[in-house]
Amino acid sequence: MSELPRGASMDFRQIEEKWQRRWAEARVFEPSPEPGRPKFFITAAYPYPNGAIHIGHGRTYLIADIMARYHRHKGYNVLFPMGFHYTGTPILTVAESIAAGDVHAMEDFKAIYDVPEEELRKMGDPLYLANYFRELSKQYMKKIGFSIDWTREFTTIDPEYQQFIRWQFKKLYDKGLLVKGRHPVGWCPKHQMPVGAHDTKDDKEPDIGEWALIYFEGEDGLIYPTATLRPETVLGVTNLWINPEGDYAVAEVDGRKMVLSLDAAFKLSFQRKVKTVERTKGSSFVGRRVRNPVTGELVPIYPAPFVDVKTGTGVVMSVPAHAPYDYAALRDLGEVKLIPLISVEGYGEYPAKEVVERMGIRDQRDARLEDATKEVYMAEFSRGYMRQDVADRVGLHLPEPARSLLRGFFAAFIAGRPVREARDRIRAWMEAAGIGGGMYEIMNKPVYCRCGTEIVVKVLEGQWFLNYGDPNWKRATKELLASMRIVPDEARPQFEATIDWLDKRACARTRGLGTPLPWDPTWIIESLSDSTIYMAYYTVIRRIRELGLKPEQLTEAFWDYVFLGRGDAAEVARAIGADERALRAVREEFSYWYPLDLRNSGKDLIPNHLTFFLFNHAAIFPRELWPRGIVANGWVLVEGEKMSKSKRNVLALGKAVDQFGADPLRATLATSAEVDQDLDFRSSAARSVAKHLEDIYNLVVSTAERAARDGEGLPEMWLRSEAASLMEKAARALDQVSVRQAAVYVLYDMRRALERYLEMVDVPSRAVLEVLKAWAVAMEPFVPHLAEELWERLGERPFAAKAPWPRLAVDRRTLLAVRYADRLVEDIAGLRELRKDAKRAVIYVNNNFAWIKAAVKARDVRELISAGVPGEVAKRLFDVARQMDDDLKALIEEVEDFDEYSALAELKTFLSRELGMEVDIYRADDEKAPDLGGKRRAALPLRAGVYLE
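### Brief notes about the pattern of salt bridges
Here is step 1 of the chain: Under the defined criterion, the tally for this structure stands at 91 salt bridges.
Here is step 2 of the chain: Note that K180 is salt-bridged to D520, the shortest N-O span being 3.8 Å. Of this pair, K180 sits in strand β3 (residues 178-188) while D520 sits in strand β22 (residues 520-525), placing them 340 residues apart in sequence.
Here is step 3 of the chain: Taking relative accessible area as the criterion, K180 reaches 47% and is therefore assigned partly exposed.
Here is step 4 of the chain: With relative accessibility at 15%, the residue D520 sits in the buried group.
Here is step 5 of the chain: The partner of D710 in a salt bridge is R766, with the nearest N and O atoms 2.6 Å apart. Of this pair, D710 sits in the loop between α23 (683-706) and α24 (714-735) while R766 sits in the loop between α25 (739-760) and α26 (768-779), and the two are 56 residues apart along the sequence.
Here is step 6 of the chain: For R766, a relative accessible area of 40% gives the class partly exposed.

In structure tokens form, the structure reads like this:
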């Protein structure tokens with residue numbers, strides 16, 4: 001072992017830079033296929049370089065890095081690559097803001113990433129901006145010590161990648177999964193283009209829902225379209241509500257003059273032909289009367305300040321028997337009229353009135369109305385039935401036989417039906433009759449484009465969509481999901497729900513960076529559509545470059561052969577003008593690495609990217625190449641707050657490394673929360689972890705220096721066994737991707753074990769060096785720089801990163817001996833509370849180990865007596881066994897024989913030191929031993945008799 005300086009402490013950055021340089025020089029993390037050797041292929045979501053990566057990205061990549069490093073120790077050939085996502089509008093929008101002189105955007109970059117003024121001035125060019133932050137993010141990833149193979153790095157606008165994406169979309173097109181047609185999409189009015197999650201601020205996916213519109217015709221000849229999610233309640237309308245202070249319009253909508261809020265007219269203009277002909281306040285319409293198109297009744301329009309003109313049409317129908325807000329507002333006006341429509345078990349005729357009064361709601365401004373509304377709506381939708389007499393309310397304005405025909409329809413298809421069924425039937429009938437329609441809305445509004453414009457819903461004509469609603473595609477994707485490992489498994493239902501609700505999704509834009517559609521180059525494939533199977537591209541891009549293949553040679557036939565094994569290698573090579581051996585080499589590289597073993601992303605990507613990843617693999621690749629696992633980790637907060645540019649609390653990964661050190665940052669992220677949980681990063685915790693790692697370093701160094709004694713006794717056997725047990729536990733935890741638990745075993749419990757060993761001995765034995773080396777290897781996935789430094793100081797070469805996972809010999813008897821000694825120390829410490837003046841502990845041990853083995857297995861005392869335990873002992877011993885924890889019971893079951901007396905005799909010095917008193921040990925069956933206080937006769941196996949004097 002090399003000489004270790006006394007009192008050494010860690011300079012984290014110096015040590016980290018040293019080992020990062022050595023890894024790069026030795027190309028440690030640049031694997032090639034090794035036929036016959038098992039592989040492990042892991043990826044994490046590549047970042048957008050519209051800024052440098054922060055510790056939220058860092059956590060996702062760290063989990064992947066820990067899994068990559070762990071699998072190297074397990075003997076796998078590990079591939080962990082990284083690329084950069086230039087596609088779409090995130091980069092373009094930021095560059096446009098800077099080009100337009102957006103001071104806030106420039107100040108953000110200065111404050112968060114320390115971008116110099118001269119660089120900022122160049123960032124109006126989107127490619128300059130992207131390349132700048134790509135390099136900065138790459139530096140950050142190297143700085144924190146990610147074991148990434150950078151030889152496979154790419155961007156999504158590289159010509160080779162664009163050829164790959166063209167191939168992917170041709171496959172989807174050929175399968176009929178790409179369609180062109182009419183469909184609602186989230187839309188940026190400023191840029192006149194559809195948007196998805198990655199085009200919006202905070203990556204918020206626009207949730208598109210549809211209002212049912214019901215056309216109430218006024219005596220003034222105008223149509224008042226109410227927007228509702230409960231069209232079945234139209235039968236109970238007593239009035240309409242309009243906000244008297246709101247801005248409204250009379251607009252021609254598809255040729256019919258309608259009254260709606262100005263906001264609604266604007267939103268509806270993206271879905272229908274809308275021409276505003278008059279603007280006015282809502283008060284202009286208050287007091288007028290309109291006809292219910294279903295019942296024929298004339299109802300008044302009342303003023304309602306609570307109506308939100310930004311939601312729906314700004315015209316709301318009032319159903320006080322079934323809507324708590326309506327009941328409370330009409331009660332305030334003294335105009336309550338209740339028309340019962342829905343029967344629900346557990347409620348009376350008027351559920352809204354009943355719930356409002358039961359909750360003691362005072363007026364229409366009472367915040368509890370929200371809870372009342374949720375209760376009534378949920379109960380009526382899930383358990384409600386339309387009353388049988390609702391048919392009597394329809395068509396009061398119609399002549400016979402028209403009214404009777406309508407009543408007959410309602411009696412047969414609406415009355416007595418479940419609400420969920422009646423809802424769809426009434427809506428379909430109203431639309432067919434021309435007295436109703438639909439209006440799409442962003443239900444999770446406000447959602448803003450990255451340019452700052454609020455998103456609306458547009459019904460697009462001639463738009464290209466990925467048809468995720470295709471039933472066969474959904475079925476295959478569910479089969480893929482069922483075959484996969486999902487971490488945490490609690491996320492599986494969210495994947496299943498996403499697969500169910502996904503329908504057509506716009507997959508192309510008219511602006512932004514990316515790949516043009518092969519058959520329609522006026523469209524650019526958008527960012528969440530060109531990032532679904534790129535994991536396959538990682539496997540071959542290095543080989544493509546090494547072989548000098550040009551983008552134009554990467555034809556459909558090339559990718560078909562490489563990824564799908566289609567075609568003859570010689571013919572394909574001849575067709576693209578390439579060497580056949582080169583083509584086969586690319587195919588062999590892909591075949592070795594695929595399928596993907598583990599995909600790591602944040603849980604926020606489940607509703608989009610991660611589910612699209614499943615759909616596209618199910619569509620394009622055969623089952624044997626379907627991905628095998630997904631890890632979806634929680635978010636990262638900083639000092640208890642969500643990271644936000646507006647708060648300037650985004651913690652750039654490189655800044656965090658500079659502030660705390662790479663290994664302290666890694667260990668803090670690893671130990672602060674389990675993978676599925678949200679993590680609150682605290683600087684105080686990072687500083688504490690840094691001190692802890694420095695203590696580990698000094699502890700290992702000083703122990704190795706002091707290890708001057710030969711031989712191995714019980715303390716050494718215990719340390720090796722305890723270390724082996726902890727490393728087995730850590731391995732099992734990592735197999736389950738329980739990163740925090742594994743890190744605690746390795747970084748905290750292992751330190752305590754070494755400190756315990758040092759308490760047991762006066763001088764450490766050289767035998768502990770084996771344990772220290774094993775510990776260095778087990779640390780490596782979490783704190784690789786510290787691990788490498790200790791590995792080298794312990795005399796090992798070349799890298800801890802390449803060493804096999806530790807397999808130390810376990811002696812269960814020794815583990816049981818120390819565990820028993822610990823319990824004994826606790827028991828005696830408790831007795832000392834009663835005898836504070838005690839100077840000596842006399843311990844009597846019962847060596848009938850077979851009795852306690854029988855006791856941990858016995859279901860009752862009789863069973864224990866049948867096993868040969870004396871009756872006068874059996875009850876006491878059975879109670880002792882029941883009080884033991886599962887780990888201790890497992891040790892007792894695993895150990896065949898145990899000499900309790902010899903174990904304690906060897907640990908006598910340790911016991912004396914722990915207790916701070918003299919210790920004498922006797923066998924309970926030694927007739928010559930003094931029976932102080934009757935404790936000799938009281939001794940039980942693993943429950944010594946103790947006398948203090």
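### Notes on the packing of helix α3 (residues 90-99) against helix α4 (residues 103-113)
Here is step 1 of the chain: The N-to-C vectors of α3 and α4 enclose an angle of 110 degrees; their axes lie 7 Å apart at closest approach. Of the possible angle classes, the one that applies to α3 and α4 is roughly perpendicular. Counting all contacts with α3, which are made through V94, S97 and I98, the residues of α4 involved are A105, M106 and F109.
Here is step 2 of the chain: Classifying every residue of the contact of α3 with α4 by side-chain character gives five nonpolar, one polar and no charged.

### Focus: the pairing of strand β24 (residues 629-633)
Here is step 1 of the chain: Burial analysis of β24 places five of its five residues in the buried class, the great majority of the element.
Here is step 2 of the chain: Burial along β24 is two-sided: G629, V631 and N633 facing one way and I630 and A632 facing the other are all buried.
Here is step 3 of the chain: Here strand β18 (residues 485-487) runs beside β24; their pairing, made up of three bridges, is parallel. Each residue of the ladder has a partner; that of R485, found in β24, is G629.
Here is step 4 of the chain: As paired strands, strand β23 (residues 598-602) and β24 are joined by four bridges and run parallel to one another. In the strand pairing of β24, S601 is matched with A632.
Here is step 5 of the chain: Between the parallel elements β23 and β24, the chain passes through helix α20 (residues 606-620) in a crossover that is right-handed.

### Thoughts on the layout of surface pockets
Here is step 1 of the chain: Each pocket or cavity is described by its volume, and for the second largest pocket that value is around 990 Å³.
Here is step 2 of the chain: Forming the boundary of the second largest pocket are 31 residues, of which W211, L229, V316, T373 and Y377 lie nearest the centre.
Here is step 3 of the chain: Those elements that place two or more of their residues in the lining of the second largest pocket are β6 (223-228), β13 (315-318), α9 (324-333), α11 (369-383) and β16 (436-442).
Here is step 4 of the chain: In terms of residues, the lining of the second largest pocket owes the most to one element, α11, which gives six residues.
Here is step 5 of the chain: Of the residues belonging to the lining of the second largest pocket, the class tally is 16 nonpolar, seven polar and eight charged.

### Let's talk about helix α19 (residues 580-593)
Here is step 1 of the chain: Taking 1.5 Å of rise per residue, 14 residues should cover 20 Å, and α19 covers 21 Å from first to last C-alpha, within 8% of that figure.
Here is step 2 of the chain: Those residues of α19 that sit buried are A582, L583, A585, V586, E589, F590, Y592 and W593.
Here is step 3 of the chain: Lining the buried residues of α19 we find β1 (39-44), β2 (77-79), α16 (534-546), α17 (556-564) and α18 (569-576).
Here is step 4 of the chain: For α19, the capping residue at the N-terminal end is D579, with a side-chain oxygen 2.9 Å from the backbone nitrogen of R581.

### Quick look at the environment of A212
Here is step 1 of the chain: Mapped onto the fold, A212 is located in strand β5 (residues 208-218).
Here is step 2 of the chain: Relative accessible area serves as the criterion here: at 3%, A212 is assigned to the buried category.
Here is step 3 of the chain: Along the primary structure A212 and V319 are separated by 107 residues, whereas in three dimensions their C-alpha atoms are 15 Å apart.
Here is step 4 of the chain: Once you skip the residues sitting within four places of it in the chain, A212 turns out to touch T226, A227, T228, P231, R427 and G437.

### A look at the sheet that holds strand β27 (residues 679-681)
Within a sheet, neighbouring strands are paired by backbone hydrogen bonds and run either parallel or antiparallel to one another.
Here is step 1 of the chain: Taking strand neighbours across the sheet as the criterion, the three strands line up as β26-β25-β27 in an open arrangement whose pairing is mixed. Each edge of the open sheet is held by one strand with a lone partner, namely β26 (641-642) and β27.
Here is step 2 of the chain: Note: strand β25 (residues 636-638) against β27, three bridges, orientation parallel. Paired with L637 across the strands is D680, a residue of β27.

### Observations regarding the nonpolar core
Here is step 1 of the chain: Residues Y113 and F563 are the most contacted members of the largest nonpolar core, which totals 246 residues.
Here is step 2 of the chain: Residue contributions to this core peak at 12 residues, all from α25.
Here is step 3 of the chain: Ignoring sequence-local partners within four residues, the contact set of F563 consists of F164, W167, A536, Y537, V540, R587, F590, F621 and L625.
Here is step 4 of the chain: Judged by nonpolar contacts, the second largest core, of 56 residues, contains V234, V250, I339 and Y347.

### Here's the deal with the packing of aromatic side chains
Here is step 1 of the chain: Overall, the coordinates contain 53 aromatic pairs when judged by the stated rule.
Here is step 2 of the chain: Ring plane angle 55 degrees and centroid distance 6.1 Å describe the contact between W241 and Y302, whose orientation is recorded as tilted. Of the two residues, W241 sits in strand β7 (residues 239-242) while Y302 sits in strand β12 (residues 298-303), which places them 61 residues apart along the sequence.
Here is step 3 of the chain: With a centroid separation of 6.2 Å and 70 degrees between ring planes, the pair formed by F563 and F621 is classed as edge-to-face. Of this pair, F563 sits in helix α17 while F621 sits in the loop between α20 and β24, placing them 58 residues apart in sequence. Neither residue differs from the other here; F563 and F621 are each classed as buried.
Here is step 4 of the chain: Here the guanidinium or amino end of R69 rests over the ring plane of W23, the centre of that ring lying 4.8 Å away.
Here is step 5 of the chain: In this structure, R230 packs its charged tip against the face of Y377, placed 4.0 Å from the ring centre.

### Notes on the side chain of R492
Here is step 1 of the chain: Within the element layout of this structure, R492 appears in helix α15 (residues 492-501).
Here is step 2 of the chain: R492 gets classed as buried once you look at its relative accessible area, which sits at 17%.
Here is step 3 of the chain: A polar contact of 3.0 Å, which involves the side chain of R492, links it to the side chain of D489.
Here is step 4 of the chain: Non-local contacts of R492, meaning those with residues more than four positions away in its chain, are made with L481, A482, M484, R485 and I486.

### Examining the side chain of T671
Here is step 1 of the chain: By the secondary structure assignment, T671 is in helix α22 (residues 662-671).
Here is step 2 of the chain: Residue classification places T671 among the buried residues on the basis of a relative accessible area of 13%.
Here is step 3 of the chain: Here A667 takes part through its backbone oxygen, which lies 2.7 Å from a polar atom of the side chain of T671.
Here is step 4 of the chain: Excluding residues within four positions of it along the chain, T671 makes contact with R740, A743 and Y748.

### Details of unusual backbone geometry
Here is step 1 of the chain: Omega for the bond connecting E400 with P401 falls within 30 degrees of zero, at 5 degrees, which places this linkage in the cis form.
Here is step 2 of the chain: Here P401 shows up in the loop between β15 (385-386) and α12 (402-413).
Here is step 3 of the chain: Positive phi values are uncommon outside glycine, yet L942 reaches one of about 60 degrees.
Here is step 4 of the chain: Its location among the elements puts L942 in the loop between α35 (935-938) and β30 (945-948).

### What to know about the environment of K190
Here is step 1 of the chain: Turning to its location among the elements, K190 is positioned in the loop between β3 and β4 (193-194).
Here is step 2 of the chain: Residue classification places K190 among the exposed residues on the basis of a relative accessible area of 56%.
Here is step 3 of the chain: Separated by 265 residues in sequence, K190 and I455 have C-alpha atoms that sit 9.3 Å apart.
Here is step 4 of the chain: If near-sequence neighbours (up to four positions away) are discounted, K190 is found in contact with C451 and T453.

### What about α22?
Here is step 1 of the chain: Burial runs high along α22: 10 of the 10 residues are buried.
Here is step 2 of the chain: Those residues of α22 lying buried are A662, D663, P664, L665, R666, A667, T668, L669, A670 and T671.

### Brief notes about the sheet that holds strand β29 (residues 918-923)
Here is step 1 of the chain: Spatially, β29-β28-β30 is the arrangement adopted by the three strands of the open sheet, whose pairing is mixed. Of all the strands in the sheet, just β29 and β30 have a single pairing partner and so form its edges. Strand after strand, the sheet turns through a mean of 20 degrees between neighbouring axes, direction not considered.
Here is step 2 of the chain: Where strand β28 (residues 840-845) meets β29, six bridges bridge the pair, whose relative direction is parallel.

What counts, and at which threshold
Numbers given for residues are sequential positions, taken from 1 along each chain in its written order. With pLDDT at 70 or above as the cut-off, local features in this predicted model cover only qualifying residues; side-chain atom pairs require 80 or more to be listed or tallied, and sums for whole chains, interfaces and linings still use all residues. The basis for every side-chain value is the complete set of heavy atoms in the structure, and neither hydrogens nor water enter the calculation. We define a salt bridge as a contact between a side-chain nitrogen of Lys or Arg and a carboxyl oxygen of Asp or Glu at a distance within 4 Å. To qualify as a helix, a DSSP run of H or I must reach at least 4 residues; to qualify as a strand, a run of E must reach at least 2; elements of each kind are numbered from the N terminus. We call a residue buried when its accessible area falls under 20% of the maximum for its residue type, exposed when it is over 50%, and partly exposed in between, using a 1.4 Å probe and counting protein chains only. The convention used is that axes are lines fitted to C-alpha atoms, helices contributing only their stretch in contact, and that angles between N-to-C directions extend from 0 to 180 degrees. Reported orientations rely on four angle classes, namely roughly parallel under 35 degrees, roughly antiparallel over 145, roughly perpendicular from 65 to 115, and oblique for the rest. Here a residue-residue contact requires only that any non-hydrogen atoms of the pair lie within 4.5 Å. Each residue is assigned to one class: nonpolar for Ala, Val, Leu, Ile, Met, Phe, Trp, Tyr, Cys and Pro, charged for Asp, Glu, Lys and Arg, and polar for all the others, Gly among them. The pairing criterion is simple: DSSP has to find at least two bridges between the two strands. The crossover handedness rule: strands pointing away from the viewer, path from first strand over the helix to second strand clockwise, crossover right-handed. Cavity and pocket criteria rest on a 1 Å grid covering protein atoms alone: a 1.4 Å probe that fits but cannot get out defines a cavity, protein on both sides within 12 Å along at least 5 of 7 lines defines an open pocket, and an atom within 4 Å of a point defines a lining residue. Grid points are joined across faces, edges and corners, and a volume is the space filled by probe spheres set on the points. Expected span of a helix: the number of residues minus one, times 1.5 Å. Identification of polar contacts relies on pairs of N or O atoms within 3.5 Å, with a donor-acceptor requirement for protein atoms, meaning one able to donate a hydrogen and the other able to accept it, and with residues adjacent in sequence counted only if both atoms are side-chain atoms. Buried Ala, Val, Leu, Ile, Met, Phe, Trp, Tyr and Cys residues form a nonpolar core when they are joined through side-chain atoms within 4.5 Å. For this analysis, a ring pair means two rings from Phe, Tyr or Trp (six-membered ring only for Trp) whose centres lie within 6.5 Å, classed as stacked if their planes differ by under 30 degrees, edge-to-face if by over 60, and tilted for the remaining angles. Each ring is checked for a lysine NZ or an arginine CZ that lies within 6 Å of its centre and within 35 degrees of its normal; such an atom marks a charge sitting over the ring.

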